[in-house]
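Descriptive structure summary
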Amino acid sequence: DETAMRKLAIKYLGGTRLGRDFAKAKALIETVLEKNPEDVYASRLLARMYRDGIGTAENAELSKKWYLSPIGMLNRKAESEDVNKMDDLADYYKNGWGVEKDLKRAIELYEKPASTGIAASMSSLNNIYRFNAKGKEDIAKADEWARRYIERQTQKGGGAARGVADSCVGVGNYYRYGYGVEANPVVAYEWFTRAADKKSWGAMLKLASMCRAGEGC
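Scoring rules and cut-offs
Residues numbered from 1 in each chain as written. Predicted model: local features only at pLDDT ≥ 70, side-chain atom pairs only at ≥ 80, totals over all residues. Heavy atoms only, no water. Helix = DSSP H or I, 4+ residues; strand = E, 2+ residues; numbered from the N terminus. Rg over C-alpha atoms; globule rule 2.2 N^0.38 Å. Buried < 20%, exposed > 50% of the residue type's maximum accessible area, 1.4 Å probe, protein only. Contact = heavy atoms within 4.5 Å. Areas by Shrake-Rupley, 256 points an atom, 1.4 Å probe, with all protein chains shown as cover. Lys, Arg positive; Asp, Glu negative; His and termini not counted. Charge placed at Lys NZ, Arg CZ, Asp CG, Glu CD. Core = buried A, V, L, I, M, F, W, Y, C linked by side-chain atoms within 4.5 Å. Phe/Tyr/Trp six-rings, centres within 6.5 Å; stacked < 30°, edge-to-face > 60°. Lys NZ or Arg CZ within 6 Å of the ring centre and 35° of its normal. Expected span 1.5 Å × (residues − 1).

**Looking at the overall build of the protein chain**
Within the protein chain one finds twelve helices and zero strands. Along the protein chain, helices (α) and strands (β) appear in the sequence α-α-α-α-α-α-α-α-α-α-α-α when read from the amino end. In terms of overall size, the protein chain behaves like a compact globule, its C-alpha atoms giving a radius of gyration of 19 Å where 217 residues would be expected to give roughly 17 Å. For the protein chain, the spread of C-alpha atoms along the principal axes amounts to about 45 × 40 × 30 Å. The proportion of buried residues among the 217 residues of the protein chain is 42%. Restricting to contacts in the protein chain with at least 6 residues of sequence separation, those with at least 24 account for 42%. With the model as given, the accessible surface of the protein chain reaches about 11,800 Å², and the carbon-plus-sulfur share is 49%. Charge-centre separation for the protein chain: the mean point of 36 positive side chains lies 4 Å from the mean point of 30 negative side chains.

Structural data, given as structure tokens:
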């Protein structure tokens, strides 16, 4: 199963209870790509390994090759308004993965999935407008997408409402830093705690950081 192989590769890359093993991770990712060279997530993983020299020698040419591997498919899907693939393609333009970085194009691609309720696209729009702001108008747009992100994640059926660790961390960050809402370290701490209860190391580190700073705990 390709999904299972990707997840196992990520565990080997991250050094979980299985232990860190870059060679096994690379072999699993390559097996997935032999079956499907357009697998978006496997191609990104392999591209990053070549880009950063993880478990292999740095190789910019191979990194670009694997970043570009699914681009044709993503463009076709985006043209047919497949919102999930539009979100994926926007990531490439936002980060300059194998293509020239183009935030305007990224925004265009994110807006459709964000308007249909895809929280990841809402978060990306918040980040683009907030951290590339040219004036108050951009900050206002960032705040609007941040509010919609929190609403989507915390409403019935949303990721944070269901206790998904990454979603809880996302909402916690927005409350900690005041993105779209008034900063509230107590509420942020509560959301990070929910994620930590799901064994999220990232959330645990955030809780430790807040306690050291005397925030919310």
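Okay, back to it.
**Re unusual backbone geometry**
Note: most residues except glycine have negative phi, and most peptide bonds are trans. In this structure, Glu-81 is a non-glycine residue whose phi angle is positive, near 60°. Structurally, the position occupied by Glu-81 is in the loop between helix H5 (71-79) and helix H6 (83-95). One non-glycine residue, Lys-199, lies in the positive phi region at around 70°. Exposure remark for Lys-199: the relative accessible area of 68% places this residue in the exposed category.

**Points about the nonpolar core**
Counting residues in hydrophobic clusters, the biggest one holds 61 residues, and the most contacted among them are Ile-29 and Tyr-92. For this core, the element with the most residues is helix H3 (residues 40-52), which contributes seven residues. Once residues within four sequence positions are removed from consideration, Ile-29 is found in contact with Ala-9, Leu-13, Ala-42, Leu-45, Leu-46 and Met-49.

**Re the packing of aromatic side chains**
A complete count under the given rule lists seven aromatic pairs for this structure. Judged by centre distance (6.5 Å) and plane angle (90°), the rings of Tyr-67 and Tyr-92 are edge-to-face. Of this pair, Tyr-67 sits in helix H4 (residues 60-68) while Tyr-92 sits in helix H6; the two residues are 25 residues apart in sequence, bridging distant segments of the chain. A single burial state applies to Tyr-67 and to Tyr-92, both of which are buried. Members of the aromatic cluster, connected to one another through ring pairs, are Phe-131, Tyr-149, Tyr-174, Tyr-177 and Tyr-179. A cation sits over an aromatic face here: Arg-194 above Trp-191, 4.1 Å from the ring centre.

**A look at helix H10 (residues 165-177)**
Look at H10: 18 Å from first C-alpha to last across 13 residues, which is about the 18 Å you get at 1.5 Å a residue. In terms of residue burial, H10 counts as a mostly covered element, since eleven of its 13 residues are buried. Residues of H10 that are buried include every one of Ala-165, Ser-167, Cys-168, Val-169, Gly-170, Val-171, Gly-172, Asn-173, Tyr-174, Tyr-175 and Arg-176, and no others. On its buried side, H10 packs onto helix H8 (119-131), helix H9 (136-154), helix H11 (185-197) and helix H12 (201-213). Once H10 ends, the next one or two residues include Gly-178, with phi positive near 75°.

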